[in-house]
Structure formats: C-alpha cells, structure tokens
Amino acid sequence: MVVDEPVAEITLAQVLERPTHEVSAALRGLAAEYTVAGRGFDLREVAGGWRFYTRADCAPLVERFVRDGQQTRLTQAALETLAVVAYRQPVSRARVAAVRGVNSDGVMRTLVARGLVEEAGTDPESQAVLYRTSSYFLERLGLRDLSELPELAPFLPDDVENLEETTK
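We now turn to the structure provided with this report. Note that the structure is predicted; figures quoted are calculated from it, not measured.

### Here we look at the environment of leucine 79
Point 1. Relative to the helices and strands, leucine 79 is located in helix α4 (residues 76-88).
Point 2. Residue leucine 79 is classed as partly exposed on the basis of its relative accessible area of 44%.
Point 3. Along the chain, leucine 79 and valine 107 lie 28 residues apart, while their C-alpha atoms are 9.3 Å from each other.

Shown next as structure tokens:
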C-alpha cells in the first residue's frame, strides 16, 4: 500500500527473506481471499508486479472522493497515438505521424509527460528517437505484458490490402 508502482515477487521475497515461490503462493492466496470476501480492493498482478486496486464496484465512490468531480481523459488524438505506439513499438515520431496521417509531436510529448510512453533508444539507420509504452501504461490498462493487448485484426476493415494500395 506504500508503493507507487507494482512490486515484483522477487523484490518482495528479498525484503521478506522468503523463497520467491512462497511469496508468489501467498500473493495469489491473498488475491483470491480478497475476491471471495468481497473486499473493497483487489490485489492484482500487473506490469511485472503486484499492486492493490480499488474493486470495480467501489470505483465510482473512490473516484468521487479522490477526484472531487475532476477527471482528465485522453483526447482522441492521444488515444490514436497511444494505440500506434502500443502496436508498433518501438516506433519513431515520424512513423507515428505516417500511420496517423498528421503530425503527432505534441501528442507524443503529452503521452511522455503522463508517463504512458517512454524513450526506447534510437533507430540505428535514421538516429530517430524510438518510443515504447511504459510499465505505467500496462498498469493503467491492467495488463501483465504486451501479449495481453487485444488482437488488432478484428478492428481492421475487411479489405485492408486494397486500402493500403489506394493510400500509397
């Protein structure tokens, strides 16, 4: 409850001076116990570690208390940019702009500032800075890793091959 990001099992095992498998079993047991008891919080494994979250049915009450009616949401442009980064990472700003069809520099700066996207090195050919999603992105989406992202194919048009040919 005192950390800002998920804590890895191995870190907890080192702090507690217990075997990792024992800590892992205890965490899974606690998570199940909290669910069965209907507590107002969940213990979830996300982004390579464990963290407490508000249970979904209690979230509206907690949000009202914490946010006091103020909510910041991502714009459509930010969501589009974040999707391009998530599915094409590591990716340069120029590639994001090419996929979206508009300049995305400002949106990328916003996503970096919010901690959802981070630098991932440079492209060896162009020397462009490459970007990837952060562990905070995984945490906010409740994912363990990128393999849990939904498949993109169901959201593409049926004739995507023809669409790509007409845009070239």
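So that's the structure; there's more coming.
### Regarding the packing of aromatic side chains
Point 1. By the definition in use, this model includes three aromatic pairs.
Point 2. Both rings, one in tyrosine 34 and one in phenylalanine 41, keep their centres 4.9 Å apart while their planes meet at 70°; by these two values the pair is edge-to-face.
Point 3. Judged by relative accessible area, tyrosine 34 falls into the buried class, the value being 11%.
Point 4. For phenylalanine 41, a relative accessible area of 24% translates into the label partly exposed.
Point 5. The ring of tyrosine 53 has arginine 51 sitting right over it, with the charged end atom 5.7 Å from the ring centre.

### Examining the sheet that holds strand β3 (residues 91-92)
Point 1. Read from one edge to the other, the open sheet built from three strands follows the order β3-β5-β4, with strand pairing classed as antiparallel. Here the strands that pair on one side only, and so sit at the sheet edges, are β3 and β4 (117-122).
Point 2. Note: β4 against strand β5 (residues 129-133), four bridges, orientation antiparallel. Its bridge partner lying in β5, threonine 122 is registered against valine 129.
Point 3. Across the sheet, α4 touches β3, β4 and β5, and the angle it forms with β5 is around 95°.

### Some thoughts on a nonpolar patch on the surface
Point 1. On the surface, Met1, Val2 and Val3 cluster together into a nonpolar patch covering about 370 Å² of accessible area.
Point 2. Topologically, methionine 1 is positioned in the segment before α1 (9-16).
Point 3. Since its relative accessible area comes to 76%, methionine 1 is described here as exposed.

### Considerations on the pattern of salt bridges
Point 1. One pass over the full model with this rule turns up nine salt bridges.
Point 2. Arginine 18 is the partner of glutamate 22 in a salt bridge, and the nearest nitrogen-oxygen pair spans 2.6 Å.
Point 3. Taking the relative accessible area as the measure of exposure, glutamate 22 reaches 34% and is therefore partly exposed.
Point 4. For the salt bridge of glutamate 45 with arginine 28, the shortest nitrogen-to-oxygen distance reads 3.4 Å. Note that glutamate 45 is positioned in strand β1 (residues 41-46) and arginine 28 in helix α2 (residues 20-37), a separation of 17 residues in sequence.
Point 5. On the basis of relative accessibility, which here comes to 23%, the residue glutamate 45 falls in the partly exposed class.
Point 6. Since its relative accessible area comes to 41%, arginine 28 is described here as partly exposed.
Point 7. Taken together, the salt bridges that share partners define one network made up of Glu9, Arg28, Glu45 and Arg144.

### Section: unusual backbone geometry
Point 1. Omega for the bond connecting glutamine 89 with proline 90 falls within 30 degrees of zero, at -5°, which places this linkage in the cis form.
Point 2. One can find proline 90 in the loop between α4 and β3.
Point 3. A positive phi is found at glutamate 17, a non-glycine position, where the angle reads about 55°.
Point 4. Residue position: glutamate 17 is located in the loop between α1 and α2.
Point 5. Overall, glutamate 17 belongs to the exposed group, its relative accessible area being 69%.
Point 6. Unlike most non-glycine residues, glutamine 127 shows phi in positive territory, near 65°.
Point 7. As for its placement among the helices and strands, glutamine 127 is situated in the loop between β4 and β5.

Rules behind the numbers
- Residues numbered from 1 in each chain as written.
- Predicted model: local features only at pLDDT ≥ 70, side-chain atom pairs only at ≥ 80, totals over all residues.
- Heavy atoms only, no water.
- Helix = DSSP H or I, 4+ residues; strand = E, 2+ residues; numbered from the N terminus.
- Buried < 20%, exposed > 50% of the residue type's maximum accessible area, 1.4 Å probe, protein only.
- Phe/Tyr/Trp six-rings, centres within 6.5 Å; stacked < 30°, edge-to-face > 60°.
- Lys NZ or Arg CZ within 6 Å of the ring centre and 35° of its normal.
- Pairing = 2+ DSSP bridges.
- Contact = heavy atoms within 4.5 Å.
- Axes fitted to C-alpha atoms, helices over the stretch in contact; angles between N-to-C directions.
- Patch = residues over 30% accessible without salt bridge, like charges linked within 9 Å, V, L, I, M, F, W, Y side chains within 5 Å.
- Areas by Shrake-Rupley, 256 points an atom, 1.4 Å probe, with all protein chains shown as cover.
- Salt bridge = Lys/Arg side-chain N within 4 Å of Asp/Glu carboxyl O.

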